[in-house]
Amino acid sequence: MSKIIAINAGSSSLKFQLFEMPSENVITKGLVERIGLDDAVFTISVNGEKVTEITDIPEHGVAVKILLKKLIDLGIIQSFDEITGIGHRVVHGGEKFNESVLITEEILGQLEELSELAPLHNPANIVGIKAFREILPNVPAVAVFDTAFHQSMPEKSFLYSLPYEYYEDYGIRKYGFHGTSHKYVSERAAELLGRPVEQLRLISCHLGNGASIAAIEGGKSIDTSMGFTPLAGVAMGTRSGNIDPALIPFIMEKTGKTADEVLEVLNKRSGILGVSGFSSDLRDIESAATEGNERAELALEVFAGRIHKYIGSYAARMFGVDAIIFTAGIGENSDVIRARVLQGLEFMGVYWDPALNKVRGKEAFINYPHSPVKVIIIPTNEEVMIARDVMKIAL
């Protein structure tokens, strides 16, 4: 048996799961929040119970040291030698990486070069990698990329209609994100449908605070809603999704904001927060909408409506669809959003059961048995995909 730790480092957070492989049994999992801020929060699961500690964690290196010490102090492992592999989520792999790779000094240098494509995410991912390398220098580590699954997109999907030399010289193209999640749920859907993934046309809806839709044909991503950055595509919690690019200089002129300040608005003050005016949390929006808040109702319509349109366009793109998948926090838990997204898709063979839709957070088919297009809720598991790749590449 191998013990593999899957790491997801954010700018001020570090999520982790320790797996026993190849059984994929979760030994423990947890989260470090508010890294670099006062009163950081460390949470770890021990025998099914959450243990929380508030302490000072000035940077990711300290978070890693605390995490590894806790694994021993709490008796989860007896020695660091028990950890046989580490998997790191890396948001952006550019065109260099179409699959997960063993991390070497050369690879680490290439990841740092790619930071300009994901300045909010990749540097944090790299800090996490370096922190583990310092403490566990002899344990093999693997980088698993959010963008890798979408590297199968054809040029007609990933190219922008800009001067071609912008793509050649600067790498300006659609990259797509949430790839590890889309890959996991597409493979799981094939298992649930009892058909080879190579024979299926799937539309995967990863709906959380960040949201993306993917068209998956024959087990490969052929199109996805996010673009050069995770800002593109559908409306999200705080992100605008697609807008007319000419709006950026127009907003700059009207408000006096710089380009960076407008991008900050598009990333952090738009989406359902911007439309509703009071929250980016869909639960708050749904609650307010039921109480008659018109802006909350409008935010629901905008969010669901954009997803609805992508499903229609991707069904056309693949000349049909065999199943629609809902995953991530909103996709798995919000029957309200699922209903609004699916409403009116009967013309393309989607017949869903409102009673079956009343389900939260577990695998379920919510279509009528006679529906040609199946509708499946599949809780995503990016961490187990990371652990599987570590097993495949490093052990």
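Above this note sits the structure.
Our subject in this report is the structure included herewith.

Definitions and limits used
- Residues numbered from 1 in each chain as written.
- Predicted model: local features only at pLDDT ≥ 70, side-chain atom pairs only at ≥ 80, totals over all residues.
- Heavy atoms only, no water.
- Helix = DSSP H or I, 4+ residues; strand = E, 2+ residues; numbered from the N terminus.
- Contact = heavy atoms within 4.5 Å.
- Phe/Tyr/Trp six-rings, centres within 6.5 Å; stacked < 30°, edge-to-face > 60°.
- Buried < 20%, exposed > 50% of the residue type's maximum accessible area, 1.4 Å probe, protein only.
- Pairing = 2+ DSSP bridges.
- Axes fitted to C-alpha atoms, helices over the stretch in contact; angles between N-to-C directions.

1. Some remarks on the side chain of Q17
So, step 1. Positionally, Q17 belongs in strand 2 (residues 14–21).
So, step 2. Those residues within four positions of Q17 in sequence are excluded, and the remaining contacts are I4, I5, A6, V26, T28, K29 and E383.

2. Some thoughts on the packing of aromatic side chains
So, step 1. A complete count under the given rule lists 7 aromatic pairs for this structure.
So, step 2. Ring plane angle 50° and centroid distance 6.1 Å describe the contact between Y166 and Y170, whose orientation is recorded as tilted. With Y166 and Y170 both in helix 5 (residues 164–170) and 4 residues apart, this pair spans about one turn of that helix.
So, step 3. The exposure class of Y170 is exposed, given its relative accessible area of 54%.
So, step 4. Ring geometry for Y310 versus Y314: centroids 5.5 Å apart, planes at 65°, classification edge-to-face. With Y310 and Y314 both in helix 11 (residues 294–317) and 4 residues apart, this pair spans about one turn of that helix.

3. Let's talk about the sheet that holds strand 10 (residues 211–217)
So, step 1. The 6 strands lie next to each other as 11-10-9-12-14-13, forming an open sheet whose pairing is mixed. For this open sheet the edge positions go to strand 11 (220–224) and strand 13 (364–365), each flanked by a neighbour on one side alone.
So, step 2. Summarising the sheet, strand 13 and strand 14 (residues 374–377) pair through 2 bridges and their orientation is antiparallel. Bridged to A364 within strand 14 is I377.
So, step 3. Its contacts with the sheet place helix 13 (residues 335–342) against strand 9 (201–207), strand 12 (323–327) and strand 14, and it is angled at close to 150° to strand 12.

4. Description of the pairing of strand 4 (residues 40–46)
So, step 1. Most of strand 4 sits inside the fold, with 7 of its 7 residues counted as buried.
So, step 2. Bridge count for strand 3 (residues 25–33) against strand 4 is 4 bridges, and the pairing is antiparallel. Note on strand 4: the bridge partner recorded for E33 is V41.
So, step 3. Counted along the chain from strand 3 to the antiparallel partner strand 4, the turn is 6 residues long, and its residue R34 has a positive phi close to 65°.
So, step 4. Two elements, strand 4 and strand 5 (residues 49–55), share 7 bridges in a ladder whose sense is antiparallel. Each residue of the ladder has a partner; that of I44, found in strand 5, is V51.
So, step 5. Joining the antiparallel neighbours strand 4 and strand 5 is a turn of 2 residues, in which N47 adopts a positive phi near 55°.

All we've got here are geometric facts, nothing functional implied.
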